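# What the coordinates show
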Amino acid sequence: MPLVTSTEMFKKAYDGGYAVGAFNVNNMEILQAITEACREEHAPVILQVSKGARAYANHTYLVKLVEAAVIECPEIPIVLHLDHGPDFETCKACIDGGFTSVMIDASSKPFAENIEITKKVVEYAHDHGVVVEAELGTLAGVEDEVKVSAEDSSYTHPEEVEEFVTKTGCDSLAIAIGTSHGAYKFTAAQCTRNAQGILVPPPLRFDVLEEVSKRLPGFPIVLHGSSSVPQNYVKMINDHGGKMPDAIGIPEDELRKAATSSVCKINIDSDLRLTMTGTIRQFFDEHPDKFDPREYLKPARANIKELVRHKLIDVLGCAGKA
Ligand code: G3H
Ligand code: 13P
Ligand code: ZN
């Protein structure tokens, strides 16, 4: 089937009590790993591309790679989504350039300005059959193009969501309930230690999510910053020359719980990066004489595929839902 929008996907996810995985695509191996896992597990999928990914890999290459995945995986619905669209122009370029979904992230702007920018994107997108994700509240964390300090982050105010959704006409809403971008989601000072001495991050604000859901019945909610930062890959990185002390993510049981609620889309990027980096570091350590990218990218791709499979089955609950 051709690329789809997320409209039907989200309705089924909302009613079925699961979430669709939104995985970031930056190159062919990552794309193949995601879509092969989704095809084998019969899972719908959102492939998302950030401003940084477009700058790195080029819009046309990314769209054509995704079109190849659509041909290779005809049985599963696939959405091509712009992640963290920074302005109207970038959203327009993606709408005009084959995307079926865009995010306009004006969450750092004052409320009225966020509404104004989002509304403009929604009008253009809907005229072209494309859906729009917007954001209220700001997540902490650092990525290429998304940099918010913990002090500047803020939970979503539930009392704002009805006005925002009504005035903008957006199709889904990303909210801030304590997740955060990147591999260092919490400082040790924000965490407690369990009996085994392992750092336990502060719980997500499910009260905020519940209040938002009550105010927007049937409306799809999105969670960004939802990597769990698998400690086996952090260890693999650190055991093979890396230096990532205190990398910590969102516990998977919390994401599992969120997936059964109004949360219909869960964004995962850092976990893919950690898996790729850990695997390649280990490969070079064990094979210092090798230099063929196909040899070190192959196990990296295989491990990302297994990580995605695990997310589909054990975290998102979307396996078998295509
Ligand atoms: O939320 C941000 C995504 O992980 C994309 O990150 O801007 O480094 O591509 P990026
Ligand atoms: P992570 O950094 O937790 O993977 O979040 C990804 C994300 O939110 C992409 O928009
Ligand atoms: Zn994000």
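For the structure itself, look to the data block above.
## Describing the site of ligand 2
Taken together, 16 residues form the shell around ligand 2, and within it Asp83, Lys185, Ser227, Asp269 and Ser270 come nearest. Within the contact set of ligand 2, an oxygen atom lies 2.7 Å away from a backbone nitrogen or oxygen of Gly225. If ligand 2 stood free it would expose 310 Å²; the protein chains cover 98% of that surface. Looking at the shell around ligand 2, the elements that each hand over two or more residues are strand E3 (78-85), strand E9 (180-181) and strand E13 (263-268). Looking at the shell around ligand 2 residue by residue, the class counts come to 1 nonpolar, 12 polar and 3 charged.

## Quick notes on the coordination of the zinc ion (ligand 3)
Surrounding the zinc ion (ligand 3) are the protein donor atoms His84 (NE2), His181 (NE2) and His224 (ND1), at 2.0 to 2.1 Å. As a motif over one chain, the donors of the zinc ion (ligand 3) read H-x96-H-x42-H. Of this pair, His84 sits in strand E3 while His181 sits in strand E9, and the two are 97 residues apart along the sequence. Residue classification places His84 among the buried positions, given a relative accessible area of 11%. The class of His181 is buried, set by a relative accessible area of 10%.

## Concerning the environment of Ser227
You can see Ser227 is positioned in the loop between strand E12 (221-223) and helix H9 (231-239). Note on Ser227: relative accessible area 2%, which makes it buried. Reaching out from Ser227, the side chain makes a polar contact with the backbone nitrogen of Asp271 at a distance of 2.9 Å.

## Quick look at the pairing of strand E1 (residues 20-24)
Residues in a regular strand point their side chains to alternate faces of the sheet. The element E1 is extensively covered by neighbouring structure, given that 5 of its 5 residues are classed as buried. Burial along E1 is two-sided: Val20, Ala22 and Asn24 facing one way and Gly21 and Phe23 facing the other are all buried. In this sheet, E13 lies alongside E1 in parallel orientation, the contact comprising 4 bridges. Looking at the pairing, Phe23 lines up with Ile268 of E13. Summarising the sheet, E1 and strand E2 (residues 45-50) pair through 4 bridges and their orientation is parallel. Within E2, the position partnered with Gly21 by the bridge is Val45. In this view, the connection linking E1 to its parallel neighbour E2 by way of helix H2 (residues 28-40) has right-handed handedness.

## Details of the packing of aromatic side chains
The geometry of an aromatic ring pair is captured by the separation of the ring centres together with the interplanar angle, meaning the angle of the planes. Scanning the model with the defined rule gives 5 aromatic pairs in all. Plain terms: the ring middles of Phe88 and Tyr124 are 5.7 Å apart, the flat faces sit at 80° to each other, and that makes the pair edge-to-face. Of this pair, Phe88 sits in helix H5 (residues 88-96) while Tyr124 is found in helix H6 (residues 111-127), placing the two residues 36 residues apart along the sequence. On the basis of relative accessible area, Tyr124 is assigned to the buried category, the value being 17%. Among the aromatic side chains, those forming a connected cluster through ring pairs are Phe283, Phe284 and Tyr296. Above the ring of Tyr155, the side-chain terminus of Arg205 is found at 5.0 Å from the ring centroid. Positioned above the aromatic ring of Phe206, the side-chain terminus of Lys257 is 4.0 Å from the ring centre.

## Quick look at the pattern of salt bridges
Applying the stated rule across the entire model yields 21 salt bridges. We note a salt bridge from Lys305 to Glu36, for which the minimum N-O separation is 3.3 Å. Here Lys305, found in helix H12 (residues 293-316), pairs with Glu36, found in helix H2; they are 269 residues apart in sequence, far enough to count as distant. Here Lys305 falls in the buried class, since its relative accessible area comes to 13%. A salt bridge links Lys265 to Glu133; the nearest nitrogen and oxygen atoms lie 2.7 Å apart. On the criterion of sequence distance, the pair formed by Lys265 in strand E13 and Glu133 in strand E5 (residues 131-136) is long-range, its members being 132 residues apart. The residues Lys265 and Glu133 share a single accessibility class, namely buried. Connected via shared salt-bridge partners are Glu36, Glu40, Glu41, Lys305, Glu306 and Arg309.

Scoring rules and cut-offs
Residues numbered from 1 in each chain as written. Chains lettered and ligands numbered in written order. Predicted model: local features only at pLDDT ≥ 70, side-chain atom pairs only at ≥ 80, totals over all residues. Heavy atoms only, no water. Near = heavy atom within 4 Å. Polar contact = N/O pair within 3.5 Å; in protein donor to acceptor, adjacent residues only side chain to side chain. Areas by Shrake-Rupley, 256 points an atom, 1.4 Å probe, with all protein chains shown as cover. Helix = DSSP H or I, 4+ residues; strand = E, 2+ residues; numbered from the N terminus. Nonpolar A, V, L, I, M, F, W, Y, C, P; charged D, E, K, R; others polar. Donors = N, O, S within 2.8 Å, 3.2 Å for Na, K, Ca; no water. Buried < 20%, exposed > 50% of the residue type's maximum accessible area, 1.4 Å probe, protein only. Pairing = 2+ DSSP bridges. Right-handed = clockwise from strand over helix to strand, strands pointing away. Phe/Tyr/Trp six-rings, centres within 6.5 Å; stacked < 30°, edge-to-face > 60°. Lys NZ or Arg CZ within 6 Å of the ring centre and 35° of its normal. Salt bridge = Lys/Arg side-chain N within 4 Å of Asp/Glu carboxyl O.

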